[in-house]
Amino acid sequence: MFPIIRWPFGSFSISHLALPPTPPCQFANGHSKEDSHHRILRLRGSAFDRLPRFRGYYIPSSSCDDGATDDEQQLYELFCAYNSLPTFADDLDQLFGSTTLHSSITKIIPIPNVDFSKPNYMDIIQQACCGGIDAIIHLAALSSPGYCEKNESVAWKVNCPVDLLTFNAPMIYVSTDQVYEGTKQFYEEDKDETVPVNVYGRTKLAFERVLLSSGGGVSGNDRPLLSEKELGGSSMPDVKSDITLPLVAAPKSIILRSSLILGPPTPLKNGCKKGAFPSFLQFIESRLKSSTPTDYFVNEFRSVVHVDDVIKSIKHFLQHALLPLSDDDASEENKTRVFNLGGSTRASRYDIALEMANHLKLDSSSANAVDRPAAGGGGVPSPPDISMNVVKISNELGVSKMNGLKEIVASTFK
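Residues numbered from 1 in each chain as written. Predicted model: local features only at pLDDT ≥ 70, side-chain atom pairs only at ≥ 80, totals over all residues. Heavy atoms only, no water.

Overview of the packing of aromatic side chains
Here's step 1: The tally for this structure, following the rule as stated, stands at five aromatic pairs.
Here's step 2: When the centroid spacing of 4.9 Å and the interplanar angle of 75 degrees are considered together, the rings of Y173 and F207 count as edge-to-face. Of the two residues, Y173 is situated in strand β6 (residues 171-176) and F207 in helix α5 (residues 199-212); the sequence distance between them amounts to 34 residues. Both residues of the pair, Y173 and F207, count as buried.
Here's step 3: Aromatic side chains F280 and F283 sit 6.1 Å apart centroid to centroid with 20 degrees between the ring planes, which places their arrangement in the stacked category. In this pair, F280 and F283 both sit in helix α7 (residues 280-289), three residues apart, roughly one turn of the helix.
Here's step 4: Here the basic side chain of K184 rests over the ring of Y187, its NZ or CZ set 5.5 Å away from the ring centre.
Here's step 5: Over the ring of F280 we find R349, and its NZ or CZ is 4.7 Å from the ring centre. (Phe/Tyr/Trp six-rings, centres within 6.5 Å; stacked < 30°, edge-to-face > 60°. Helix = DSSP H or I, 4+ residues; strand = E, 2+ residues; numbered from the N terminus. Buried < 20%, exposed > 50% of the residue type's maximum accessible area, 1.4 Å probe, protein only. Lys NZ or Arg CZ within 6 Å of the ring centre and 35° of its normal.)

Regarding unusual backbone geometry
Here's step 1: For N113, which is not a glycine, the phi torsion comes out positive at approximately 65 degrees.
Here's step 2: Of note, the phi angle at F186 is positive, near 55 degrees, even though the residue is not glycine.
Here's step 3: Mapped onto the elements, F186 comes out in the loop between β6 and α5.

Re the sheet that holds strand β13 (residues 347-348)
Here's step 1: A sheet is described by the order of its strands in space; here three strands give the open sequence β13-β10-β15, paired in mixed fashion. Because the sheet does not close on itself, it has two edges, and the strands there are β13 and β15 (385-386).
Here's step 2: Pairing of strand β10 (residues 301-302) with β13, which is carried by two bridges, proceeds in the antiparallel orientation. Looking at β13, one finds that F301 is bridged to S348. (Pairing = 2+ DSSP bridges.)

So, the confidence of the model for the protein chain
Here's step 1: In this model, the protein chain carries an average pLDDT of 78, and 74% of its residues clear a pLDDT of 70 or more.
Here's step 2: Note on residues 1-36: pLDDT is under 50 here. Beyond four places in sequence and across chains, it has 155 contacts.
Here's step 3: Confidence drops under a pLDDT of 50 for residues 45-71, and excluding neighbours within four residues, the segment shows 91 contacts in the predicted structure. (pLDDT = per-residue confidence, 0-100. Contact = heavy atoms within 4.5 Å.)

This is the structure we're talking about:
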């Protein structure tokens, strides 16, 4: 999904999303006054099914401690766009109908059947929103490297949806650590080159370039989005929009190169599972408890990140996106910026399994350390070490360090 926020510019504090308890939010089909409500559109992607936990969408009353008055409060309409998940709308209705929400959230409206591979996806979104947009939180993706490798044309359409720029709204775009080649440790976003080794990484990097570019490869300039090295010998498909308007990213857009996201499952009743388990951690838990022999790569590393840190980062940049532009057009704060979004631990899948066993006090002998195949898991090219330096995001958020593997496991299995 990806969220869009529509609102009048004015003073805003992210703490306005955590005011004292108020009656539950209800779904609504009508539209609020244009001068008093903000509108958020959130695009859902299979890799981010747990992000309905975003506390901008539902705020438990126990977390509400802000003393803002009703007159100071900004109001929001939330549009949750997604492709195909039959239970999603009912799950949202049940969740939000039984949870005390922040009073600033006036509507939560699902938008189903938004498929970036189809030419009508913009029409569906625009008809549902019926108005302008103030910010976009873009989480949607075809995130399976194996599927992308076998379905390259569809992957390019879904992962590089250039028409979204016609909203002319700042975008918080969750990209991937797989834009890096994986031949070193602790990649730095402002120093190290991007050399994706698979189709998934290339398509995600291409949309980064769309946001970073002032038109190259999108609005009439023939300069390609990716270099020959970044394309890895493959050809660059035509990702130009059929829309004739210049497609340029709005000021204050943000690119977050996310690592593997770990944490508790979604609060949705029917869940958003990958296979039989809500997430990788629950899969490991099941295998350890049943003593089922399981192979885990010991030589493939990532800076695994807590879902709460992902949420915190999105909220931080959302707050920034909704503030008025700086008077200085050349200000760095007005430009599209890139951040590595990872945790403080460089970890392999085997490291995660051992930490799970240690925390849950389970026998780890069923966890087998195996080397990652040279061609990557499942025969799909995979970067062996895409651990990231996360000092920049830590400084931006004002924290001494991001949560590491121990904190992720401990907070997930309290």
